[in-house]
Amino acid sequence: MDGRRFADMMMTVLSWAAALLLTGMVVAIIGFVVVRGYSVLSLDFLIEPPRDSMTRGGIMTPLVGTLQLVGVAMFFAIPVGVATGLYFAEYARDDMFTSILRLAIRSLAGVPSVVFGLFGLSLFVILLGFGPSLLAAALTLACLTLPLMVTASEQAFLAVPKDYRDASYALGASKWQTIRKVVLPAAAPTVITGIILSVGRVAGETAPIMFTGAAFFAPHIARSLFSEVMALPYHIYVLATAGTFIEETRPIQYGTVLVLLLLVLGICSGGIYMRSRLRRMMRR
């Protein structure tokens, strides 16, 4: 066996080993949560609010609050993120200013989420006067997810073959008509992938909302954008670290973690289905 075939075989083995190791870790984590948390899952657990210092009842309030946070955050993040990615791919000049902007956005992707929480506290809660609220927390989460969404959108638009644009221009279409009717549909599946990843991150973040709007306990769901909101990630943190009933609430903790995992998986699965369906429609 020559050196190239041996190297190829070794890289194949290492790739499979890494994939199996990662899959095994994911299965182990999910299995651990399922074993510890499935006993509390029931319809009442999902539709009842917490009560008795959160040692009884369900998770309806933080569950709805998480959905509210994700919805409001994506309402602001998707238009801004996709539009910024479109600007970088289609309109921005290849100069130093654009390079600095790209570098800044990519650098923000590595900033710890707690820093975004402090930024949201300073800007949205204090400076703009929103106070601890659903709106302040959602805007902070939108800022957190923008670097990922901008980068994914830009790469999606750049991946559209140049021949598509040339064919559209040859038929007399303007630049905006080409973008709207050719580039956007062709890039949509990849853009949706970026949105799915962003939703998963938004739903599971704790640090940004601790400073900007997450409530330790709220008797009702948020009824306006300026109400405080309970959320599953912060609720899990509270159950695991605060109060004198940590051991008593342990099954509720794992049940809440399991619901959060299922929620994120459900949202991501729905997005993947939409992406696949869109791709099939484009091939027809």
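Residues numbered from 1 in each chain as written. Predicted model: local features only at pLDDT ≥ 70, side-chain atom pairs only at ≥ 80, totals over all residues. Heavy atoms only, no water.

Asker: Mind laying out the overall build of the protein chain, listing which residues take part and the relevant values?
Answerer: Within the protein chain one finds 11 helices and two strands. Ordered by position from the N terminus, the helices and strands of the protein chain form the series α-α-β-β-α-α-α-α-α-α-α-α-α. A principal-axis box enclosing the C-alpha atoms of the protein chain has dimensions of 70 × 60 × 40 Å. Here the protein chain holds 284 residues, and the buried ones make up 39% of them. By sequence separation, contacts in the protein chain at least 24 residues apart represent 75% of the contacts at least 6 residues apart. Of the roughly 15800 Å² of accessible surface on the protein chain, a fraction of 69% belongs to carbon and sulfur atoms. (Helix = DSSP H or I, 4+ residues; strand = E, 2+ residues; numbered from the N terminus. Buried < 20%, exposed > 50% of the residue type's maximum accessible area, 1.4 Å probe, protein only. Contact = heavy atoms within 4.5 Å. Areas by Shrake-Rupley, 256 points an atom, 1.4 Å probe, with all protein chains shown as cover.)

Asker: Account for the pattern of salt bridges, with residues named and values stated.
Answerer: Applying the stated rule across the entire model yields six salt bridges. Arginine 165 serves as the salt-bridge partner of glutamate 90, at 2.6 Å between the closest nitrogen and oxygen. Residue glutamate 90 is located in helix H3 (residues 60-91), and its partner arginine 165 is located in helix H7 (residues 162-170); the two are separated by 75 residues in the primary sequence. Taken as a pair, glutamate 90 and arginine 165 share a single burial class, namely buried. Of the charged contacts in the structure, one is a salt bridge between glutamate 90 and lysine 175, with a shortest N-O distance of 3.9 Å. (Salt bridge = Lys/Arg side-chain N within 4 Å of Asp/Glu carboxyl O.)

Asker: An account of the nonpolar core is needed here, citing residue identities and associated values.
Answerer: By size, the foremost hydrophobic cluster in this structure holds 54 residues, and its most contacted members are Leu69, Met74, Leu141, Phe157, Val191, Ile209 and Leu232. Only H3, helix H6 (134-158), helix H8 (175-204), helix H10 (232-241) and helix H11 (250-283) provide two or more residues apiece to this core. Counting five residues, the second largest nonpolar core, distinct from the first, contains Phe124, Val125, Leu135 and Ala136. (Core = buried A, V, L, I, M, F, W, Y, C linked by side-chain atoms within 4.5 Å.)

Asker: Let's hear about a nonpolar patch on the surface: which residues, and what values?
Answerer: There is a patch of nonpolar side chains on the surface, built from Leu22, Val26, Ile30, Val34, Tyr38, Leu41, Leu261, Leu262 and Leu265 and spanning about 770 Å² of accessible area. Counting residues per element, the ones that place at least two in the nonpolar patch are helix H1 (3-37) and H11. For the nonpolar patch, the element with the most residues is H1, which contributes four residues. Position of leucine 22 among the secondary structure elements: in helix H1. (Patch = residues over 30% accessible without salt bridge, like charges linked within 9 Å, V, L, I, M, F, W, Y side chains within 5 Å.)

Asker: Lay out the side chain of threonine 61 in plain terms, naming residues and giving numbers.
Answerer: As for its placement among the helices and strands, threonine 61 is situated in helix H3. For threonine 61, a relative accessible area of 2% corresponds to the buried category. Among all residues touching threonine 61, those that are not within four sequence positions of it are Pro49, Pro50, Ala218, Pro219, His220, Ile221 and Met230.

Asker: If you had to explain the packing of aromatic side chains to someone new, which residues and values would you point to?
Answerer: All told, the structure shown has six aromatic pairs when counted by the stated rule. Note on phenylalanine 75 and phenylalanine 76: the rings are 5.3 Å apart at their centroids and 85° apart in plane angle, and the pair reads as edge-to-face. Here phenylalanine 75 falls in the exposed class, since its relative accessible area comes to 60%. Its relative accessible area of 33% is what places phenylalanine 76 among the partly exposed residues. (Phe/Tyr/Trp six-rings, centres within 6.5 Å; stacked < 30°, edge-to-face > 60°.)

Asker: Give a detailed account of the environment of alanine 104, specifying residues and quantitative values.
Answerer: Within the fold, alanine 104 resides in helix H4 (residues 96-108). Owing to a relative accessible area of 38%, alanine 104 belongs among the partly exposed residues under this scheme. C-alpha of alanine 104 to C-alpha of proline 62: the two residues are 42 residues apart in sequence and 34 Å apart in space.

In short, the description is geometric, and any link to function would need to be established separately.
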